[in-house]
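Overview (structure and organization)
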Amino acid sequence: MSNTIEKDEVKNSLNFLEQIIEDDIKSGKISKHIQTRFPPEPNGYLHIGHAKSICLNFGLAKKYNGKCNLRFDDTNPVTEDVEYVDSIKEDVRWLGFDWGNNEFYASDYFDKIYEFAVKLIKDGKAYVCDMTAEEVSNTRGTPTIPGQFSPFRNRTIDENLNLFERMKNGEFPDGAKTLRAKVDMASPNMQLRDPVMYRIKHAHHHKTGNKWCIYPMYDFAHGQSDSIEGITHSICTLEFEVHRPLYDWYIKQLDIFPSHQYEFARLNMTYTVMSKRKLLELVKGNHVNGWDDPRMPTISGMRRRGYTAEAIRNFADRIGIAKRENVIDIALLEFFVREHLNKITPRMMTVINPVKVVITNYPENQTEYLDGKNNPDDESMGTRKVPFSRELYIEADDFMEIPEKKFFRLAPGNEVRLRYAYFIKCNEIVKDENGTIKEIRCTYDPESKGGKSPDGRKVQGTLHWVSAPHAITAEARLYDRLFMSENPEDAEEGKSFVDNMNPNSLEIRNCYVEPELANLKVGEKVQFERVGYFNVDKDSTDKTLVFNRTVTLKDNWAKISGKK
RNA sequence: UGUCCGAUGGUGUAAUCGGCAACACAGCAGAUUUUGAUUCUGUCGUUCCAGGUUCGAGUCCUGGUCGGACAACCA
């Protein structure tokens, strides 16, 4: 109970958008409730950067008793597809947000937006231009040099009306004409130099089919959609800042509901690329196995990897909202993933890189079932039986023939504990002709059953293990970061971010897992003790379980031994 | 010699509108531990620069410096 008070106290600092909203509510600027929207373009899968925006828009609506629409910005049929629409809906839902019936499409408003365009033409604020894209580009000027007027800028209203209608009717080929706003060719803001409002694209649209062959540009669709939906706070990323004067200009000329645009800094993360174009390139170039490859920063990739929605939401909360450029350490995301998984996953034993151990003084053909705690920090998760026998597998890393300093795992003459089982001591090493260790021969102390010795002697190390005859073979997919450099885009001359990919970002291993794990279903999460968090991949079959490594456990020993 | 935006520890984000610069991650050190995990404790370290206003400036003013965005018929 004091917990909630503490939370409130901590949470009374507002980000700049919350500040604006509270000011707007206080001043009476908002008549009903605040209305936000999450406006993805269905031309790719959502990534962790979108998750930030989703948490922001839906979070703001929730906090201030408003609503958040899901609106697809589908004004470019050439690059958009229903596959993306479906994945986006799934991802937003999975993240834990609900848009109710408020699922909209910019294409829902194409008729209305067309009328808006006609109005601007009638008001002498828009004209049909016959210049090619290249000509428009050549006459736009530069930030310091004003652009030149289009030779078609002074067409009569009737002529413009007629031409625009014929554009709509499909009388002209792609690119032959555009509708342009008559704003200011000398504006220092390039966005205001007679921007294109409509272009001709004889393309099939995922929602409107072949009804249209002209489509509005982002600037003449987004703000209009916002206005139609009564969006009070239209929140987008920084690169749209220079579009805001145009956003406001259209709304003013049209005299429609005044939505306001606010911008925040997009998310960047170390060792990650975030642009849709680059993610598409990874997918299309087969550098990864699809959009939901567990190495991808996509929401679907992270879900498949084993990240939880709660962890992602906590991450989004923690990184905050501001206007300055930022690069978040990916370790922060991993922290929230571990934090959540630590609470919810059962602990099981799995040996990824096995070496055989034979307990020479343990009876042959004997099996004992020992009690293992599923989560020592949470008794409510119960216990399970773990089979123990004369032959076991342990992790090769857990044995050193010549132990280095501070190594307190198994070594000749050294006693360690097998978790939930017995103390064992190594007496002998059996090697093959190449000198590689084939088996480690040990003796156990029958008095130490359960992992405690009655004489009170201590051991420094506790190892995980799997009984060899009872072990189930499974596939472990060990993922590491996709890129080797902190900023993958920072590539050498003539190279691209693809050249910065980590060749070892996926390592596939066969592993031995304890029998209890056979019951896991796709998506279920588990901690492999002393190894990491894993979840069951959808590639699993009735015969073979496939585990994705979500994230390793923090490993201090790696740090200590790695320093040398 | 354009317009707009930004600048607080290694990384992010705060500082209730001028009043002791804090929180998280990362780092380091220690305690506990049947996971070298978790947990707990401690610790390191911050206001871009120069002026000005003020009893008092991260916050206000002036001038710099640095960084980013903008010149698709993409969004």
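What to know about the environment of G223
Within the secondary structure, G223 sits in helix α8 (residues 222-228). Under the relative-accessibility criterion, G223 is labelled buried at 3%. With 113 residues separating them in the primary sequence, G223 and F336 have C-alpha atoms 36 Å apart. In contact with G223, other than residues within four places in its own chain, are Y247 and I251.

A few points about the domain arrangement of chain A
Structurally, chain A comprises domain 1 (32-264), domain 2 (269-346 + 475-561) and domain 3 (350-464). Just the C-alpha atoms count here: the centres of domain 1 and domain 2 sit 35 Å apart. With 24 residues of domain 1 at the contact, the number on the domain 2 side is 25 residues. The junction of domain 1 with domain 2 conceals about 2200 Å² of combined surface from both sides, 69% of it contributed by carbon and sulfur atoms. Together, H47, I48 and W94 form the three largest contributors to the area buried by domain 1 at its contact with domain 2, with a combined 33%. Counting across the domain 1 and domain 2 interface gives four salt bridges. Between R303 and E90 there is a salt bridge whose closest N-O contact spans 3.6 Å. Joining domain 1 to domain 2, the criterion identifies eight residue pairs in polar contact (both at pLDDT 80 or more). Secondary-structure elements contributing two or more residues to the side of domain 1 that touches domain 2 are α3 (48-63), α4 (82-94) and β9 (260-264). Ranked by residues supplied to the side of domain 1 that touches domain 2, first place goes to α3 with eight residues. Partitioning the side of domain 1 that touches domain 2 into residue classes produces 13 nonpolar, five polar and six charged.

Re the pattern of salt bridges
Close approach of charged atoms lets side chains of opposite charge pair. Applying the stated criterion to the full structure yields 44 salt bridges. One salt bridge in this structure joins E229 and R71, with 3.0 Å as the shortest N-O distance. Placement of E229 in the loop between α8 and β8 (233-237) and of R71 in strand β2 (residues 67-72) is noted, with a sequence separation of 158 residues between them. Across the pair, R71 and E229 agree in class, each one buried. When the shortest N-O distance is used, the salt bridge between K211 and D111 registers 3.0 Å. Taken together, the residues K211 in the loop between β6 (196-200) and β7 (214-216) and D111 in helix α5 (residues 110-122) connect sequence positions 100 residues apart. By sharing partners, the salt bridges in this structure join D292, R304, E475, R477, D537, K538 and D539 into a single network.

About the thresholds
- Residues numbered from 1 in each chain as written.
- Chains lettered and ligands numbered in written order.
- Predicted model: local features only at pLDDT ≥ 70, side-chain atom pairs only at ≥ 80, totals over all residues.
- Heavy atoms only, no water.
- Helix = DSSP H or I, 4+ residues; strand = E, 2+ residues; numbered from the N terminus.
- Buried < 20%, exposed > 50% of the residue type's maximum accessible area, 1.4 Å probe, protein only.
- Contact = heavy atoms within 4.5 Å.
- Domains from an automatic or database assignment.
- Buried area = accessible area lost by both parts, 1.4 Å probe.
- Salt bridge = Lys/Arg side-chain N within 4 Å of Asp/Glu carboxyl O.
- Polar contact = N/O pair within 3.5 Å; in protein donor to acceptor, adjacent residues only side chain to side chain.
- Nonpolar A, V, L, I, M, F, W, Y, C, P; charged D, E, K, R; others polar.

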